[in-house]
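An overview of the molecular structure
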Amino acid sequence: MPLGLRSKKKDRSKETSKLVESEAPAPAPAPPAAAPVAARLQFHTQLAHGSPTGRVQGFGSARELYGKIAEAFGIDPAEIMFCTLNTHKADMDKLLGAQIGLEDFIFAHIKGQRKEVEILKTDDVLGLTITDNGTGCPFIKRIKEGSLMDQTKIVCVGDHIETINGKNVSDRRHYEVAKMLKDLEKGQMFKLQLIEPMKAFEKLEPRSKGGTLPTAKISRGRETLRLRTKGPATVEEMPTEVEEKAIKKVDELLETYMGIRDIELAATMVEAGRDKKNPDEFAVALDETLGDFAFPDEFVFDVWGAIGDAKQGRL
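By convention here, each chain's residues receive numbers from 1 onward along its written sequence. It should be noted that, the model being predicted, local features are given only for residues of pLDDT at least 70 and side-chain atom pairs only at 80 or more, the latter also being counted only at that level, while totals for whole chains, interfaces and linings use all residues. In computing side-chain properties, one takes all heavy atoms of the structure into account and sets aside hydrogens as well as water.

So, the sheet that holds strand E11 (residues 223-226)
Across the sheet, three strands lie side by side as E4-E11-E12; this open sheet has antiparallel pairing. Of all strands in the sheet, those with a lone pairing partner are strand E4 (99-101) and strand E12 (234-237), marking the two edges. Each strand axis lies, on average, 40° off the axis of its neighbour in the sheet, ignoring direction. Paired strands, in this sense, are two strands between which DSSP finds at least two bridges. Counting from the N terminus, the helices are DSSP H or I runs at least four residues long and the strands are E runs at least two residues long. Pairing between E4 and E11: three bridges, direction antiparallel. In the strand pairing of E11, isoleucine 100 is matched with leucine 225. A fitted line through C-alpha atoms represents every axis, and for helices the fit uses only the stretch in contact; the resulting angles, taken between N-to-C directions, go from 0 to 180 degrees.

What to know about the packing of helix H5 (residues 263-272) against helix H6 (residues 279-290)
It is the contact of H5 with H6, at a shortest axis distance of 9 Å, that shows an interaxial angle of 135°. With respect to their mutual orientation, H5 and H6 come out oblique. Regarding H5 and H6, the two cross each other, and that crossing is right-handed. Between H5, through Leu265, Thr268, Met269 and Ala272, and H6, the contact on the second element is made entirely by Phe282, Ala285, Leu286 and Leu290. Note that Gly is not counted as nonpolar here; it falls among the polar residues with everything else outside the nonpolar set of Ala, Val, Leu, Ile, Met, Phe, Trp, Tyr, Cys and Pro and the charged set of Asp, Glu, Lys and Arg. In terms of residue class, the contact of H5 with H6 is made up of seven nonpolar, one polar and no charged. The labels follow the angle: roughly parallel below 35 degrees, roughly antiparallel above 145, roughly perpendicular from 65 to 115, and oblique for the rest. Crossings are sorted by hand: turned counterclockwise from the far helix by less than a right angle, the near helix makes the crossing left-handed, and turned clockwise it makes it right-handed. In this description, contact between two residues means that some pair of their heavy atoms is separated by no more than 4.5 Å.

With respect to the pattern of salt bridges
By definition here, a salt bridge exists when the distance from a side-chain nitrogen of Lys or Arg to a carboxyl oxygen of Asp or Glu is within 4 Å. Applying the stated criterion to the full structure yields 16 salt bridges. With a shortest N-O distance of 3.1 Å, aspartate 251 and arginine 261 are connected by a salt bridge. Residue aspartate 251 is located in helix H4 (residues 241-258), and its partner arginine 261 is located in the loop between H4 and H5; the two are separated by ten residues in the primary sequence. With respect to class, aspartate 251 is no different from arginine 261; both count as buried. Exposure classes here rest on a 1.4 Å probe applied to the protein chains alone. A residue is buried below 20% of its type maximum, exposed above 50%, and partly exposed in between.

Regarding H4
Each helix should span, by expectation, one fewer than its residue count multiplied by 1.5 Å. Counted at 1.5 Å a residue, the expected span for H4 with its 18 residues is 26 Å, and the 25 Å between its end C-alpha atoms agrees. Buried within H4 are the following residues: Glu243, Ala246, Ile247, Val250, Asp251, Leu253, Leu254 and Glu255. Those residues of H4 that are buried are in contact with strand E6 (128-132), strand E7 (138-143), H5 and helix H7 (297-311). Two residues or fewer past H4, glycine 259 is found with a positive phi of approximately 70°.

Examining the nonpolar core
Grouped together as the largest cluster of nonpolar side chains are 48 residues, with contacts concentrated most on Met149, Ile161, Ile164, Leu181, Leu192, Met269 and Phe295. Sorting elements by how many residues they give to this core places H7 first, with seven residues. The residue makeup of this core includes at least three contributed by each of domain 1 (37-197) and domain 2 (239-312). If near-sequence neighbours (up to four positions away) are discounted, isoleucine 164 is found in contact with Val169, Val177, Met180, Leu181, Leu184, Lys191 and Leu192. The next biggest cluster of nonpolar side chains, apart from the first, holds 21 residues, and it includes Phe59, Ala62, Ile69 and Leu225. Nine residue types can take part in a nonpolar core, namely buried Ala, Val, Leu, Ile, Met, Phe, Trp, Tyr and Cys, and a core is a set of them joined through side-chain atoms within 4.5 Å. Each domain's extent was defined by an automatic or database domain assignment.

Focus on the packing of aromatic side chains
We call Phe, Tyr and Trp rings a pair once their centres come within 6.5 Å, taking the six-membered ring for Trp, and we label the pair stacked below 30 degrees between planes, edge-to-face above 60, and tilted otherwise. Within this structure, the stated rule accounts for six aromatic pairs. Ring centres of phenylalanine 295 and phenylalanine 299 lie 5.0 Å apart, and the angle between their planes is 40°; on these two criteria the pair is classed as tilted. Classification of phenylalanine 295 by relative accessible area gives buried; the value is 3%. Through successive ring pairs, a cluster of aromatic residues spans Tyr257, Phe295 and Phe299.

Bear in mind that shape data such as this cannot, by itself, settle questions of function.
Below, the structure is given as structure tokens:
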């Protein structure tokens, strides 16, 4: 690719490192800080399969949020698979991502029944889209209609992938698990151990009755709590319509290139390109904030194009 994005990113990283090591001035003593924004916000929460309503506050990341929910219900944080907003159903369009509306109701889906399946890989593409909860729980976000996995009815959307051929992948990121599945040899059998979300008992009333916020108050609102993998959470205005379109498109590109879906990651990438003037500057910004992913240049260029298309009203 003629732009040379990867080499420019590496050069800039070295310059930044040198500045940090030898030229950066010593930081001035910070004045006493006010309580973090997250500590002043309180959210209602329930276990998705049924529970009393609890309240959580004082979190700035997904990991801290799961810890607070676990504390509220007396469970191990590792039992939480994922959270949905304003619905107890395992609705992948309502997954908790980078933003939580200040009036959103959080439902935590916890691990339920284990199951095991053996599959003959008859196609290079399995038809799975993988995401994770940010704390070491990769799960299935989408199954492509008509795909090999669609024909394997025991495998369902929302299932946590615990092991692949006996190898535990519970602590792996979604892109690592997607690559492991992609690299499985065609024509061979492979085994998955899965954990499905705990199901509600049929006798329980729908969550709209008792304990939840009134329907009229469940909305995204004009402000959200922006969770960050690095750094404190902040209260921000909702993403603009242009940014929301860009985030959706980038999330689709993540699925195309990497077989994953991750709204938080997509939002971070769009945020990184907000004030950049060209794809080279954008590539440097991605390398500084998301260097662990080692995105290929072609992907970076397509993401830059998607952000530009959104700004120009072409999405």
